[in-house]
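Descriptive structure summary
What follows is each chain in one-letter form.
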Amino acid sequence: MDDNTRLIQLPDKGRVLIFTDVHGNIEDYNKYLDKWDSNDSDCHIVIAGDFIHSIYKQDYSIEILEDIIEKFKKYDNFHPLLGNHEWSHIANANLFKGTINQKKDFEEMIVERKSSLEPYLSNYITFFKSIPLFVQTENGLFISHAGPSKKIETYEDYEYVVEDDDYYNELIFSVVWSRPEKDYSEYDVSNFLDIVKSNVMVVGHTIVDGYRIFGKQMILGSSFGSKKKLYLDIDLEKPINNMDDLVGKLKPLDG
Ligand SMILES: [Mn+2]
């Protein structure tokens, strides 16, 4: 499979930092970014989706998004992934947290800050369409915002998700929305990892305090909803063969 924008493949060289779900929290965002050496091209950083949409009054989603757009253009070692909150704008799909329509709130915030919705929203959507869904590392790790999707049953299904540019089908919906237990089992995680030929995977999306292990999957809690905020700091030259190898790479945001 060729490298394209939906799948980033990292070689067995250097280091990768992974954090997720900052949801407009610029304090956490800046602290994670401070841990990254942008000028070292072998030092990668993965933001595993849902960097926009806060339910709090102090919502810095636009500031974070514009910083991510700038860094994505500037650095080849900067990898923001598509989450369901970014996807909601591509698909023009309302997204509710309780009674709050976060897609609509975000659009209203654009108007407030910029005094018009366009061309800003269209530019943001173009950006969301340009970012990857997955990062896979040579040393055994697969990174995604959510999932795996149970609808990916074969390598051909996976190839279709990676190479297609349609954002409106059920398959993409399930890739950015699927949650453990409700939408997939530990067996489904193993089956997906066999298809993509990785050893373990890491996702965000579902709120956990710090992290949770679900079979061969780690659910990471880096910011939103997590009291114990954690990120991963991985040496790409050492193999990640199992969950113990991955758990050993967890670090606290503060400390
Ligand atoms: Mn999510």
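Let me sum up the structure you'll find in this document. Being a predicted model, the structure only gives us computed values, none of them experimental.

1. Comments concerning the pattern of salt bridges
Opposite charge on two side chains allows them to pair when their charged atoms are near. Taken as a whole and assessed by the stated rule, the structure comprises 15 salt bridges. As a salt-bridge pair, K182 and D183 come within 3.6 Å of each other at their nearest N and O atoms. A relative accessible area of 24% means that D183 is categorised as partly exposed. Ionic pairing is found between K251 and D233, a salt bridge with its closest N-O pair at 2.6 Å.

2. Things to note about the sheet that holds strand β10 (residues 211-214)
Strand order in the open sheet formed by six strands is β1-β7-β8-β9-β11-β10, with mixed pairing between adjacent strands. At either margin of the open sheet sits one strand with a lone partner, and together these are β1 (7-10) and β10. Sheet twist, expressed as the average angle between the axes of neighbouring strands with direction ignored, equals 20°. Sheet topology note: the strand β9 (residues 200-203)/strand β11 (residues 217-220) ladder contains three bridges and is parallel.

3. Re the sheet that holds strand β12 (residues 230-235)
Taking strand neighbours across the sheet as the criterion, the five strands line up as β4-β3-β2-β12-β13 in an open arrangement whose pairing is mixed. At either end of the open sheet lies a strand with only one pairing partner, and these are β4 (78-80) and β13 (250-252). Ignoring strand direction, the axes of neighbouring strands in this sheet form an average angle of 25°. Sheet topology note: the strand β2 (residues 15-19)/β12 ladder contains four bridges and is antiparallel. Counterpart to L17 in the pairing with β12 is D233. The sheet contacts of helix α2 (residues 61-74) involve β3 (43-47) and β4, and relative to β4 the element is tilted by about 135°.

Cut-off values and rules
Residues numbered from 1 in each chain as written. Predicted model: local features only at pLDDT ≥ 70, side-chain atom pairs only at ≥ 80, totals over all residues. Heavy atoms only, no water. Salt bridge = Lys/Arg side-chain N within 4 Å of Asp/Glu carboxyl O. Buried < 20%, exposed > 50% of the residue type's maximum accessible area, 1.4 Å probe, protein only. Pairing = 2+ DSSP bridges. Helix = DSSP H or I, 4+ residues; strand = E, 2+ residues; numbered from the N terminus. Axes fitted to C-alpha atoms, helices over the stretch in contact; angles between N-to-C directions. Contact = heavy atoms within 4.5 Å.

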